[in-house]
Amino acid sequence: MPPQPIRYTIRPSRPAAHIFEVSVTVAEPDSAGQRFFMPVWIPGSYLIREFARNVVAARAESGGHPVACTKIDKATWQCAPCGGLLTLTCEVYAWDLSVRGAHLDETHGFFNGTSVFLLPLGLEDAPCEVDVLPPEGDRFSAWQVATALPRADAPPLGFGRYRAANYDELIDHPVEMGTFEHAVFEANGVPHHIALTGRTRADMDRLTRDLKKICEHQAALFEPVLRKAPVGEYWFLVTAVGDGYGGLEHRASTALLCSRDELPLAHQAKVTEAYRRFLGLASHEYFHTWNVKRIKPSVFIPYDLARENYTKDLWFFEGFTSYYDDLALVRCGLIDELSYLELLAETIGRVTAGSGRLKQSVAESSFDAWIKYYRQDENSPNAITSYYQKGALVGFALDANIRIQSGGLFSLDDVMRALWHNYGKVGEGVPEGGIEATVIKVTGLDLSAFFAAAVYGTVDIDLASLFNEFAIDMKLRAASVRKDTDAIESSLGARIGARNGDAVLEQVFDGGAAQSAGLAAGDAVVAVDGLRVNGATLDKRVRSYPVGSIVMVTAFRRDELMTFNVALQAQPATTCVLTTQNEPAAAVERRAAWLQANKTPSLG
Ligand code: ZN
């Protein structure tokens, strides 16, 4: 007999106190005493977050009588044995305005299932029903609901009953409630919704038109014939604030947090840099609909929500998604070639700036995401490399190698399609090494030396030679040169921030001038050669000296005044410039095939 559904209710019971009341009812509780579990992490964001810490009260009852309920570890509640229906009710504090948590006040509510829904252990595969209830009071009467959770009896955009096939699905559809703006568009016949929360004057028509282009482009990339995303409908849940950035992917939706000025205004004809950032984010999360939500590491099937799930392959699942997010914008005509190359150059510059890239491979960065990439500190640039940014460069370099070595017959697109058809579409996990094996299978090219160096090694990829084959010139130059002489300016070898006006060394780069002189992260620099500096003037003062000058730097470490003799270094060459050339013709043609989707070979 199939298991009876688990019944959930969720209600913003005290919006002003940021409290959701959440209940879960089990028809046939475990006779030894039912256990309920709260995930410790949310898939897509590789950090232990301990969502149970926001449960402020829990009580159980059965047949109108209280049932004893105690915690047996940080994330698990154990109820006493009882017969008949068992209901556990929790109050959950929701005041995390990020795409990973839950947030509630009198203007709106947002939650991920991982933050609010307890799993009755043993019932992982049981179907779920959830009543999403409105807050009480007339002032909330205009609230609506936006979610990709399948509706049971709830009307479109309405409160009421929703359902999920199992707990895994239940927690993969975030829910927004409130008075958001709503728009719908079709991408090759599939309805796509935008729910926009926040005080904006965004041009919804423009947003709709542009997102449609991205969605149709990506669907065609994975499914050149069908041209449809593998969803019944898709939701962009967008929250705009003064200053924010973040996105999290789900199987049929994404939660996006953006800055208000990243959204397009009615009179803006062109794609501004800020709007380009938003489009890149939306494109990234939408690409995940295939890559990581369906083409996923075998260790994620199923997710173990009680502990870290280790994979060495985030350079592919996140990095290649980062490669394709901006690439989609140029390929579907939202930005031009130069604008795209500007974005790629920024990524190259950021990767080059950190010496951590010479110590940690992107495979190691993936594996240690839980303790390093997601827990960055002042030493991170010296110790880690980003599987997003360097992973994107690995994506470009692999794509370039395939295009060059196959004489334009194949590209990374063919590999992505093969991964989709062989793994994602059939629900099979990608084992470690599966990506490398697919490259050989699809293209016939043995690129194992490339993978050994670029993915498992720490030597810089020779990008300039690859760009050459696309008639693109790559130069790395110092961030600042003297205008009159073109001489490279000086640097402390540290990242300078301003704290209460003081010049504080936020990061001290390994092997740089500041570190060699004994300065440390956190030091507040107050004078250079006896003249006062602050957060706004230190960098300029340093740059006024020729490279190699010895200057006396006075700084506070905690409350102790210290002096250091610093031999100023040259600004490192971390600014990347990519410029296109008009010859040779074969390379120009290769560039067009790469950046213009309609020229990309489509072998199905
Ligand atoms: Zn991502």
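Refer to the preceding data block for the structure.
Residues numbered from 1 in each chain as written. Predicted model: local features only at pLDDT ≥ 70, side-chain atom pairs only at ≥ 80, totals over all residues. Heavy atoms only, no water.

## Brief notes about the coordination of the zinc ion
Perfect tetrahedral coordination of a metal by four donors corresponds to 109.5 degrees between them, and perfect octahedral coordination by six donors corresponds to 90 or 180 degrees. Ligation of the zinc ion by protein atoms is provided by H284 (NE2), H288 (NE2) and E318 (OE), these donors lying 2.0 to 2.1 Å from the ion. Linear spacing of the donor residues for the zinc ion on their chain is H-x3-H-x29-E. A residue pair is termed long-range when its members are at least 10 positions apart, and H284 in helix α4 (residues 273-287) and E318 in helix α5 (residues 314-331) qualify at 34 residues. Look at H284 and you get buried, because its relative accessible area is 7%. (Donors = N, O, S within 2.8 Å, 3.2 Å for Na, K, Ca; no water. Helix = DSSP H or I, 4+ residues; strand = E, 2+ residues; numbered from the N terminus. Buried < 20%, exposed > 50% of the residue type's maximum accessible area, 1.4 Å probe, protein only.)

## Quick word on the environment of Y167
Within the secondary structure, Y167 is located in helix α2 (residues 167-170). The exposure class assigned to Y167 is buried, which follows from its relative accessible area of 3%. Note: C-alpha distance between Y167 and L221 (54 residues apart in sequence) is 31 Å. Not counting the four nearest positions on each side in its chain, Y167 is found in contact with Y8, F37, P39, F117, L118, L119, E124, A126, C128 and L305. (Contact = heavy atoms within 4.5 Å.)

## Some remarks on helix α11 (residues 434-443)
Of the residues making up α11, those classed as buried are G434, I435, E436, T438, V439 and T443. Phi turns positive, to about 75°, at G444, one or two residues after α11.

## Focus: the pattern of salt bridges
A full pass over the atoms with the stated rule returns 31 salt bridges. A salt bridge links D172 to K293; the shortest N-O distance between them is 3.2 Å. Here D172 is found in the loop between α2 and β15 (175-178), whereas its partner K293 is found in the loop between α4 and α5, with 121 residues between them in sequence. Grouping residues by exposure puts D172 and K293 together as buried. Each member of the salt-bridge network shares a partner with another, and the members are R7, E129, D131 and R161. (Salt bridge = Lys/Arg side-chain N within 4 Å of Asp/Glu carboxyl O.)

## Considerations on α5
Helix length check: α5, at 18 residues, gives a terminal C-alpha distance of 24 Å against a target of 26 Å (1.5 Å per residue), a fit within 8%. Most of α5 sits inside the fold, with 18 of its 18 residues counted as buried. Residue G333 follows α5 closely and has a positive phi angle near 85°. (Expected span 1.5 Å × (residues − 1).)

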